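# Structure at a glance
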Amino acid sequence: MVYLHFPSNLTEEELMLQTKYQKLKKKKKALQALKAPKPEPEKTPALKRPAEARDAREVAKKLLKSGAISAIPKPCEKTETTGFKRSRGLERKLSSSDRAPSGFQPFSSSQGSMVSNEEHVVQEARTKSKVPNLYENFISSRETDPEASATSPTTLKETSGSPTLSPLKHQKPTVGHTVYVFGYSITEDILKKAFQSFGNVVNISMEIEKNCGFVTFDKTSSADRAISEMNGSMVSGIQLKVSLARRQPVIEPINDASSSATWSTIAARNSQKGSYKDKRDLVTYEEELF
Amino acid sequence: MSRRKRDDGYEHGYRKRRRVVSEQAEIEDRLESLIIRVGDKTSSSLESNLEGLASVLEADMNTYKSKILRILSECPIQMPEKCTIYSTLVGLLNAKNYNFGGEFVEQMVRNLKEALREGQWESARLIVRFISDMVNCHIVSASSLLQLYDSFIDAAMEQGVPQVRRDWYMYALLTALPWVGRELFEKKENDLERIMAAMEGYLRRRNTAHVAALRVWNCDTPHPQEEYLECLWAQVRKLRTDEWQERHIYRPYLAFDSILSEALQHNLPVILPPPHTASTQYPLPWVVFRMFDYTDCPEAGPLLPGTHSVERYLIEEHLHQIVTRHHNERKELATQLLAFPQRNKIPLEYMIVEVLFSELFHMPSPRYLEISYGCTLIELCKLQPSTMPQVLAQATELLYERIDTMNATCFDRFVSWFSYHLSNFQFRWSWDDWQNCLSLEKDHPKAKFVSEVFGKCLRLSYYKRVNEMVPECYSPLLPPKPEPYFKYQTEGGNSLPGATQVQALTELLRKKPTPEEVLELIQQLPNPLKDDDGDMEPSHNPLAIEVFVQTLLHLGSKSFTHTFAGLAKYHSVFKNICENEEAQICMLRQVYELWQHHPQFLGVVVDKMLKTQIVECCAVANWIFSRDMAPEFTRSYIWEILHLTIRKMNKHVVRLEKEVADARAKLRAAPSDSESSDDDPNRETGEKRRRTVSNKDTPKDGEEQPTEEMVERMEERLEAAQSDQKNLFLIVFQRFIMILSEHVVRCDTDGKDFNTFWYQWTVGRLQQVFMAHHEQVEKYSQTLETLLFTHDLDSNILDTFRQFQALRS
C-alpha cells in the first residue's frame, strides 16, 4: 500500500490566507495609529473555513476589546471583485435612500431600530460607500446610545426633512413605519393616491369590511408626517382617521436585496383575505356552440 | 463469538407471542413508540432518557427480543439524523447484554447485505454509517470495520464495472468517515491512512465527463460547482487535517464513556458486495450546488461553514434528510426545517434556502415536485417573516445576477419558481433594479428571464394585472394580450384566399352541422398544391386545412371547454383532412397562427390534439424545428410543448411495457385454463404446478385471463410504440444536429463567432432533452451513437451527447 505524503510547505490557499492575515495586521496597526475620533470599520480576512476563521474572530475580538473597531463590515475589496452579488442599481438605491425595516416583532421596543435607522443614515451620509449591516449598528448604537443621539448630525434632519423628528422623539415608544387609516368605504387606490406623497409606500393592506387599511412606509418620518397631515382630512369626500398602527412590523434588513422589505411586510401581514381586488368583468359563456 | 443460536431465540419469541396476543401487542406498541421517540424534546435530559430506556428494554429483552431487534435496526435508517442516539442506546444494551449486541450486529449485517442486493443504495449507505458509528460505542471492533472498508475499497477498484457502481462504494465510505474518523485515527491511524491513500488514488483516476451536464452554472465564479464525490473528498481531507475533529455531530455516547468502554466488542463477519449485473441501477452522480458564502450572510450572525468544511456537508445532509421525511407536508417541513437542532450556530435561513434551491435545481430532475419547493418556501416565509423573505429576495437577486451561465433546464425552473412566488407576494418586486435587462438584446438570458417570468405570471393572473405590476418601461418585455389572432377579421382579411369560405363555414357551424356537412363544404375548396397539368394527387389540401382549423378554433376560442367540444365533435373531419404528417404540420401551423399571442392556449390545444390522435408526436417535433417556428425558437413554451410531446410518447411506451409484463406474469401464473399452456414446451412442469397451487389461494380479480394470443398482440403493440418512440427521438436529435451544424457552418463562412445567445439556448435545449428524458433516451443510446452522434460531428454538439453517456458509465 502506498502511504500518502503531506507536503510540508503550505498550499496555495493557506499561503493566500497567510498573506491576507499579514495585511490585516498591518491595517490594524495603521488604524490604531490613526486614532480617528470615530473609528473606521476594520477589514476582516476572507477566510472560508471555520478553523481559520477562528483566528479571524480572535483578531476581531481583540480589536473589539481594544476599542479599535466598533463593527465588522464586509471587506470592501470583496464586494468589488464579486460584483454579481449586488446589482449596480441596488448600490445606487442604497446610497440614495433609507431602507424600510418592517415585519412584526411584538415585544421588541422600536426605539432601538429607530436609533439604528438614523445611525444608518449617518453612516451612509458619511462613508458614501457600502453600508455596514444594520443589525451591527443596532447593537453598537445601543451600547453607545447617548453618544449616538448626541452626535446625531444635522445631515439626518436634512435627509429626512422632517420638523417633527428630533432626538427627543427617541424616547417615545410609538414610532413606526405603518399607519392605520380609517374611513368609510376607502379603497386601496384612494390610500395609494393620498399617501404616496409622504414617501415610498412599501405596502398597503386593506381590511375593507372594517373600513380601514394599513399603509407601510419605508421611513418612519414619512409615517409621522402622514399622521400629522392626513389625520382628520378629507380625501375623495371621505374623512380619514390616521394614527400609528398598533401592530408595528419591524424587520431589520439583513441584506441589501431591495425587495426584502416588501416581501417581509407581506409575509408578516399575512392577511388571510388578501388585499387585492380583482377588477375584471365577469365573463359569461351563454352560447353553446358545438 | 457473536454467533449465537439465533434460531432458538427466534422460535422462543415466536411461540410466546402467539399465546398472549393482545397484552403483548400493547407492550410491543409501547416499546416501539418509546424507541422511536427517544431523542425528541423532553423535559429530562437525553442521557437519562437513554439510560432509562436501556434498562426498560433490558428488562423486556427475553420476551420481546425479535421485536426490539427489528425496531432498533430500522430506526437509524428511517431517522438517520438520530443515528448517534441509537448507537448509544445499542451500546448501552450491549454493555448490559453482550448476546443482544451480537444479535443486533448480525441483524444489521443482514440488513446491509439485503439492501446491497436489492439496490437500496441510500439505506445501505446509512447502515454502513450506523455500523461505523457503532465502533464509537464499543459494539463493533475497529479492525473488523476496517475489514468492511477494505472490501468496499476493493469493490470501488473493480475493473470492468460502471463507474457509478464504484462511485457508490467510495461515497458510502466517505460519508461514514466523519462519524468514525476520530476513533480510527486514535486507534488505527495507519490503516486509516492506507484507506485514505486508496481513496485518493481512486479519485485521481476517476472520469468526470458528466460534470458539465449536471452543473447548474457553467462557470466556477464565485463559487466552484463541484462534483459530489470530489467535494466530499475535499471535505474529508480537510477533516483529516483537523485531526478528524468535527463540530456538528452530537455524540451522546461521550457521556457514557465509562460504561461503554468496558463493553466487549463484536466482530463483523466478512461482507462481500454482490457482483454487478446488467440490470442493477445505481444512483446517478450530481454536482454540489453552492449559492452563498459567508460574505452573503449578516456579519453579526453565526458564520456559514466554508465549502470544504465537513460541517457544511453534515448540515446540508441533515437538512436534505428533513426534506425527505416531510416532503409531503409543506407546513410540517417548514416547521421542522426551522427547528433545526443547532439553529443558533449557523445562518440557518441561508442554509435552508441553499438546500431547497439545490433540490429544485437538481439535475437531471428534482427529487420531488417542483411546486413542493415553492410552497415550502412560502410556508417558511410565513413562519419566519422577519428573515426568510429577505433571504429569498437576496437569493433571487443572486440567481438573477448569475443567470447568464445558468443551464436552460434550471433557467426554466427558476422562471417557474419566481413567478409562482411572486403570485403569492402580490406580484411585488423592485423591478427598477433590473432595468438593465431592457437594454440587452432579447435573447440575453436576463432579458429572456424577465420576459419569461411575465409570461408565467400571466398564467397565474391576468393580462391587466401583469401590466400593472411592472413599471411602464418594461412594456417591450411584456407578453402581448392573450387573444386569438383571426386574420380574416383583420384589415384586408376579406381578400385573403378562402375568406368567403371562412364566412360560409362560420355560418354553417352556427347551425350545428354534422361532421359530414362540414367536410362537404371544405372539400369544395381548390387545392393550391395541384398543378394545372398534374396528375399527381397532392397529399393534402393546405387551404382546406387553413379554413377549417382557423374557423373552428376561432369559434371555440372562448374557453378550453369550447375548443375541446369543437375538437371532439369534428374529430372525424380532422382525421379526414390531416391524414399524413405534412398535413398535420400544416394544421399545427394554423393553430399557431391563431394562438400565437397565447402560448398557454397553444400548448393546451396541441396537447389535446396529441391526446385525441389528431396529430402524431413526430409531426409536432418536425413542426417545432420548422422554419415557421424559427422566431419563437428560443422561447420556453416551445420547449414545453416538445417535452410534453416526448413525455406523452414515453408514458405510452411505459404503460404498454407494464401491461405486457403484467399479462406475461399472469399467463405464467395460471397456465392450466389457458389453451396455450400445452403448446409451451419451454416451461418447466414442476414450477408450473407449484405456481398453480399458490395461485388457487388468491381469488381471481375478475379480470379476464390473458391468452397467449392476446399477449402476443400486446407485444406487437409495444414494439410498434417503441419504434415510434425511437423514431421520435431520432427526429428530435437529428433536427437539433442539423440546425446547430447549419448555424456553426454559417457563422464560419461569415467569419463570425458561432457562440451566440441563440446557439447557447439551442445547445441548452438539446441538453434539456437528454436530461429530462434520460431514462428513455438511454435505451437508444447505442443507436444514437451509430446514427447521429458520429465522430465527424462538431465537437461542441458531440460533447453534449458524451456528457449524457457519462452519466451512467
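Residues numbered from 1 in each chain as written. Chains lettered and ligands numbered in written order. Predicted model: local features only at pLDDT ≥ 70, side-chain atom pairs only at ≥ 80, totals over all residues. Heavy atoms only, no water.

As a reminder of what qualifies: UniProt positions are given in the numbering used here, feature names are shortened, and annotations may be inferred rather than shown by experiment.
If you check an unreviewed UniProt entry, chain B appears there as Nuclear cap-binding protein subunit 1 from Daphnia sinensis. Turning to chain B, the UniProt annotation filed under Sequence similarities (unreviewed entry) states: "Belongs to the NCBP1 family." Heading Subcellular location (unreviewed entry) of the UniProt record for chain B holds this comment: "Nucleus".

An unreviewed UniProt entry lists chain A under the name Negative elongation factor E, with Daphnia sinensis as the source organism. What the UniProt record of chain A gives under Subunit (unreviewed entry) is the line "Component of the NELF complex, which is at least composed of TH1/NELF-D and NELF-E." Reading the Function (unreviewed entry) entry of the UniProt record for chain A gives the comment "Essential component of the NELF complex, a complex that negatively regulates the elongation of transcription by RNA polymerase II by RNA polymerase II. The NELF complex, which acts via an association with the DSIF complex, causes transcriptional pausing."

## Describing the overall build of chain B
To keep it simple, the criterion reads: Secondary structure counts use DSSP, requiring at least four H or I residues in a row for a helix and at least two E residues in a row for a strand, with both numbered from the N terminus. Think of it in three bands: residues with accessible area under 20% of the maximum for their type are buried, residues over 50% are exposed, and the middle band is partly exposed, with areas taken using a 1.4 Å probe on protein chains only. Should any heavy atoms of two residues lie within 4.5 Å, those residues are counted as being in contact. Areas reported as accessible are Shrake-Rupley estimates using a 1.4 Å probe. Residue values count occlusion only from the protein chains shown. Positive: Lys, Arg. Negative: Asp, Glu. His and the chain ends are not part of the count. Charge placement uses NZ in Lys and CZ in Arg. For Asp and Glu, CG and CD serve respectively.
Across its full length, chain B holds 36 helices and 0 strands. Counting only C-alpha atoms, chain B reaches 100 × 80 × 55 Å along its principal axes. Residue burial in chain B is summarised as follows: out of 809 residues, 56% are buried. Within chain B, contacts between residues at least 6 apart in sequence are counted, and of these 76% link residues at least 24 apart. On chain B, roughly 35500 Å² of surface is accessible, and the fraction owed to carbon and sulfur atoms is 49%. Separation between the mean location of the 95 positive side-chain charges and that of the 116 negative ones in chain B comes to 5 Å.

## Focus: the pattern of salt bridges
Residue and element names in this part refer to chain B. Here is the rule we go by: Salt bridge criterion: a side-chain nitrogen from Lys or Arg within 4 Å of a carboxyl oxygen from Asp or Glu.
Scanning all chains against the criterion turns up 48 salt bridges over all chains. Across the pair Arg194 and Asp150 runs a salt bridge, and its minimum N-O distance is 3.1 Å. Taken as a pair, Arg194 in helix α10 (residues 189-205) and Asp150 in helix α8 (residues 142-157) lie far apart in primary sequence, 44 residues in all. Given a relative accessible area of 18%, Arg194 falls into the buried group. Its salt-bridge partner being Glu316, residue Arg312 comes within 3.3 Å of it at the nearest N-O pair. Of this pair, Arg312 and Glu316 both sit in helix α14 (residues 310-326), separated by 4 residues, roughly a single helical turn. In terms of burial, Arg312 and Glu316 fall into one category: buried. If you follow the salt bridges from partner to partner, you end up with Glu122, Arg125, Arg129 and Glu317 in one network.

## Observations regarding the confidence of the model for chain A
All names here are of chain A. Our working definition: Along the chain, pLDDT gives the predictor's confidence residue by residue, from 0 to 100.
On average, residues of chain A score 62 in pLDDT, and 43% of them are at 70 or above. Within the model, the stretch residues 74-83 combines pLDDT values under 50 with 13 contacts to residues more than four positions away or in other chains. Ignoring residues within four places in sequence, the model shows residues 96-173, a span with pLDDT below 50, making 123 contacts including any to other chains.

## Quick word on the sheet that holds strand β1 (residues 178-182) of chain A
Residues and elements named next belong to chain A. Cut-off, in case you're wondering: At least two bridges found by DSSP between two strands are what make those strands a pair. In this description, a line fitted to the C-alpha atoms serves as the axis of each element, helices being fitted only across the stretch in contact, and the angle between N-to-C directions of two axes falls anywhere from 0 to 180 degrees.
If you trace the 4 strands from one edge of the open sheet to the other, you get β2-β3-β1-β6, paired in antiparallel fashion. Strand pairing shows two members of the sheet lacking a second neighbour, β2 (201-207) and β6 (241-244), which therefore form its edges. Put simply, the sheet's adjacent strands are angled 20° from each other on average, direction ignored. The sheet contact formed by β1 and strand β3 (residues 212-217) spans 5 bridges and is antiparallel. Residue Phe182 lies in a different strand from β3, and its bridge partner there is Cys212. Across the sheet, helix α9 (residues 188-195) lies against β1, β2, β3 and β6, angled at about 145° from β2, the strand it touches most.

## Some remarks on the packing of aromatic side chains
What counts here: Note on aromatic pairs: the rings of Phe, Tyr and Trp (six-membered ring only in Trp) are paired at centre separations within 6.5 Å, and the planes decide the class, stacked below 30 degrees, edge-to-face beyond 60, tilted for the rest. Charges are assigned to positions over rings by a cutoff of 6 Å between ring centre and Lys NZ or Arg CZ, combined with an angular limit of 35 degrees from the ring normal.
Scanning all chains against the criterion turns up 62 aromatic pairs over all chains. Centroid distance Phe625 of chain B to Phe736 of chain B: 5.0 Å. Interplanar angle 75°. Geometry classified as edge-to-face. Of the two residues, Phe625 of chain B sits in the loop between α29 (617-624) and α30 (636-669) while Phe736 of chain B sits in helix α32 (residues 708-750), which places them 111 residues apart along the sequence. Pair check on accessibility: Phe625 of chain B and Phe736 of chain B agree, each one buried. Between the aromatic rings of Phe754 of chain B and Tyr759 of chain B, the centroid separation amounts to 4.9 Å while the plane-to-plane angle is 85°, which identifies the pairing as edge-to-face. For Phe754 of chain B, a relative accessible area of 21% corresponds to the partly exposed category. Looking at Tyr759 of chain B, the relative accessible area reads 5%, which means it is buried. It is Lys241 of chain A that lies over the ring of Phe182 of chain A; its NZ or CZ is 5.4 Å from the centre. One Lys or Arg, Arg129 of chain B, reaches over the ring of Trp179 of chain B and ends 4.0 Å from the middle of that ring.

## A short note on the UniProt feature "domain: RRM" (unreviewed entry) in chain A
In this structure's numbering, the residues bearing the UniProt feature "domain: RRM" (unreviewed entry) are residues 177-247 of chain A. Each end of residues 177-247 of chain A is marked by a C-alpha atom, and these two atoms are 10 Å apart; helix forms 27% of the span and strand 37%.

## Overview of the nonpolar core
The nonpolar side chains of a soluble globular protein tend to be buried, and buried together. Residues and elements named next belong to chain B. Selection criterion: Only buried residues count toward a nonpolar core, which is a set of Ala, Val, Leu, Ile, Met, Phe, Trp, Tyr and Cys residues joined through side-chain atoms within 4.5 Å.
Counting residues in each nonpolar core, the largest one holds 94 residues, and the members touching the most others are Leu72, Tyr149, Leu177 and Met199. With near-sequence residues (within four places) excluded, Leu177 lies in contact with Tyr149, Leu184, Leu192, Met196, Met199, Val236 and Trp244. In this structure, Leu553, Val573, Val605 and Ile739 belong to the second largest nonpolar core, which totals 89 residues.

## Describing the side chain of Ser461 of chain B
Of note, Ser461 of chain B is situated in the loop between α20 (445-460) and α21 (463-469). Residue classification places Ser461 of chain B among the buried residues on the basis of a relative accessible area of 19%. Apart from residues lying up to four places away in sequence, Ser461 of chain B is in contact with Arg280 of chain A together with Phe427 and Val466 of chain B.

## Regarding the environment of Asn111 of chain B
All names here are of chain B. You can see Asn111 is positioned in helix α6 (residues 98-118). Of the residues examined, Asn111 reaches a relative accessible area of 23% and is grouped as partly exposed. Put simply, Asn111 and Ala124 are 13 residues apart on the chain and 8.0 Å apart in space, counted from C-alpha to C-alpha. Once residues lying within four places of it in the same chain are set aside, the contact partners of Asn111 are Ser73 and Ile127.

## Comments concerning unusual backbone geometry
All names here are of chain B. Between Thr221 and the following residue, Pro222, the backbone shows a cis peptide bond with an omega angle of -5°. We note that Trp244 has phi near 60°; this positive angle belongs to a residue other than glycine. Positionally, Trp244 belongs in the loop between α12 (228-241) and α13 (257-261). The exposure class assigned to Trp244 is buried, which follows from its relative accessible area of 2%.

## What about the packing of helix α18 (residues 388-401) of chain B against helix α19 (residues 408-424) of chain B?
Each pair of packed helices can be summarised by the angle the axes make with each other and by the distance between the axes. All names here are of chain B. Quick reminder of the rule: Crossings are classed by handedness, with left-handed meaning an anticlockwise turn of the near helix from the far one by less than a right angle and right-handed meaning a clockwise turn. Amino acid classes used here: Ala, Val, Leu, Ile, Met, Phe, Trp, Tyr, Cys and Pro are nonpolar; Asp, Glu, Lys and Arg are charged; the rest, including Gly, are polar.
Following both chains from N to C, one finds α18 and α19 inclined at 145°, their axes separated by 12 Å at the closest point. The way α18 lies across α19 gives a crossing that is left-handed. Touching Leu392, Thr396, Leu399 and Tyr400 of α18 are Phe414, Trp417, Phe418 and His421, all from α19. When the residues that make up the contact of α18 with α19 are grouped by side-chain class, the tally is 6 nonpolar, 2 polar and no charged.

## Focus: helix α9 (residues 163-187) of chain B
Stated precisely, the cut-off is as follows: Consider a residue and the seven residues that end there alongside the seven that start there; fitting an axis to each set, the bend is the angle between those axes.
Of all the bends in α9 of chain B, the greatest, near 70°, is centred on Val180 of chain B. Of all 25 residues in α9 of chain B, 22 are buried, a share of seventy percent or more.

## A closer look at the pairing of β3 of chain A
Residue and element names in this part refer to chain A. Summarising burial for β3: 6 of the 6 residues are buried, a large majority. Side-chain alternation along β3 places Cys212, Phe214 and Thr216 on one buried face and Gly213, Val215 and Phe217 on a second face that is also buried. Here β2 runs beside β3; their pairing, made up of 6 bridges, is antiparallel. Within β3, the residue paired with Met206 across the bridge is Gly213. Here β2 folds back onto β3 in antiparallel fashion, the turn holding 4 residues, of which Asn211 has a positive phi close to 60°.

## Topic: the state of the cysteines
Every disulfide links exactly two cysteines, by a covalent bond between their sulfur atoms. Stated formally: Here, the term disulfide refers to a pair of cysteine sulfur atoms separated by no more than 2.5 Å.
Across all of its chains, the model carries 0 disulfides over all chains by this definition. As a non-bridged cysteine, Cys437 of chain B has Cys473 of chain B as the owner of its nearest cysteine sulfur, 8.6 Å distant.

## A few points about the packing of α8 of chain B against α10 of chain B
All names here are of chain B. The condition that has to hold: Each angle gets one of four labels, with under 35 degrees taken as roughly parallel, over 145 as roughly antiparallel, 65 to 115 as roughly perpendicular, and the rest as oblique.
Contact geometry of α8 with α10 gives a least axis separation of 11 Å together with a crossing angle of 15°. Of the possible angle classes, the one that applies to α8 and α10 is roughly parallel. Relative to α10, the crossing made by α8 is left-handed. Of the residues in α10, those touching α8 at Leu146, Tyr149, Asp150, Ile153, Ala156 and Met157 are Asp191, Arg194, Ile195, Ala198, Met199, Tyr202 and Arg205.

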